[in-house]
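# Descriptive analysis of the structure
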Amino acid sequence: MFIYFNGKIVSSEECVVSPLDHGFLYGHGLFETMRSYKGRVFRLVDHMKRMETSAGYLGWPVLPDREVFAEAVNSVLVTNNLPDASVRLTVSRGIGAARPDAASCGQPTIAVYASPLPKPLPAAGWSLTTVSLRRNLSSPLVKIKSANYLDNMLARAEAKKRGAHEAIMLNTDGLVAEGSMSNIFIVSNGRLITPDGESGILLGITRNAVILLAQAAGITVEERKVNPEELAEADEIFLTSSIMEVIPVTVLDGRPVGHAPVPGETTLMLAQSYRKLAESE
Ligand code: PMP
């Protein structure tokens, strides 16, 4: 596998990250996970913008230019001959002093790599379980895609332990937030409902695209606070993420979602429209 690492395309064995890198020492870094279709990353600019916003939250002085990232992504897809891939961009705060003083850091450490897409979703969709871990509404970290992903990993581990595909996390107010690596939507009485930006979620790029697709199809979309009871009573549930796109959820906390444990009509329509959009852009 060839990786873009600090300005060069190198083999994975040649990438060396210093133990004094603040990404390694303190989890001080950012990342984006994206998906390429026929050699083009869907909404690459939106991913760049989100990384810039995240860097702003963390007070980073600079982030490399978008063109640098775009070129890096392109080179990685071409060199690895992977036009349809999962693409990961990781940027750490860089090498600094062995104390939590970000001002001591030099240039950010940058890595871009591509890997084959995960296997397709099961036809029956995913099962979801509500985990005990809560999204902390007072922490800006829940709004950004930082390298500090331990809460997400703990939530996912809890879900796996219970045999579910994905976790659903409530926030510290007890309302619905998001999955460990995905945003959540419910379909209820023909309306599409998703937790709003103040619910302790990452503003997903897929989430945004799906909201616009639903509105274009004449569906009313509500971005608002969502009670866990609304999940239990939903006609349909689905998740969104750049890599897995629109993921039907047919089991919630061990019970079938809606009337039948199969993906719902609105979910399937939006999954198809999303794929079409992503392939055509
Ligand atoms: N929430 C979390 C916590 C995530 O890790 C992801 C995946 N990046 C998402 C939501 C979905 O975001 P996107 O649609 O931009 O991939």
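Attention in this report is confined to the structure presented alongside it.

What counts and what doesn't
- Residues numbered from 1 in each chain as written.
- Predicted model: local features only at pLDDT ≥ 70, side-chain atom pairs only at ≥ 80, totals over all residues.
- Axes fitted to C-alpha atoms, helices over the stretch in contact; angles between N-to-C directions.
- Helix = DSSP H or I, 4+ residues; strand = E, 2+ residues; numbered from the N terminus.
- Parallel < 35°, antiparallel > 145°, perpendicular 65-115°, else oblique.
- Left-handed = near helix turned anticlockwise from the far one by under 90°.
- Contact = placed C-beta atoms within 7 Å.
- Nonpolar A, V, L, I, M, F, W, Y, C, P; charged D, E, K, R; others polar.
- Expected span 1.5 Å × (residues − 1).
- Buried ≥ 20, exposed ≤ 12 C-beta atoms within 10 Å, placed from the backbone.
- Arc of directions from axis to C-beta.
- Near = placed C-beta within 6 Å.

### Overview of the packing of helix α5 (residues 205-216) against helix α7 (residues 265-280)
At a closest axis distance of 10 Å, the pairing of α5 and α7 adopts a crossing angle of 115°. As far as their axial angle goes, α7 and α5 are roughly perpendicular. The way α5 lies across α7 gives a crossing that is right-handed. Along the contact surface, α5 presents A209, V210, L213 and A214, while α7 presents L270, S273, Y274 and L277. Of the residues contributing to the contact of α5 with α7, the split by class is 7 nonpolar, 1 polar and no charged.

### Re helix α4 (residues 150-161)
Helix length check: α4 (12 residues) gives 16 Å between terminal C-alpha atoms against 16 Å at 1.5 Å per residue, within 8%. Those residues of α4 that sit buried are A155, R156 and A159. Buried residues of α4, seen end-on, are gathered within an arc of 95° and therefore sit on one face of the element. What points out from α4, more than 90 degrees from its buried face, is the exposed set L150, M153 and K161. Where the residues of α4 are buried, they touch β7 (126-135) and β8 (166-171).

### Concerning the site of the ligand
The local shell around the ligand holds 14 residues, among which L202, G204, I205, T206 and S242 are the closest. Elements supplying a minimum of two residues to the shell around the ligand: α5 and β13 (236-241). In terms of residue count, α5 provides more of the shell around the ligand than any other element does, 3 residues in total. Of the residues contributing to the shell around the ligand, the split by class is 3 nonpolar, 9 polar and 2 charged.

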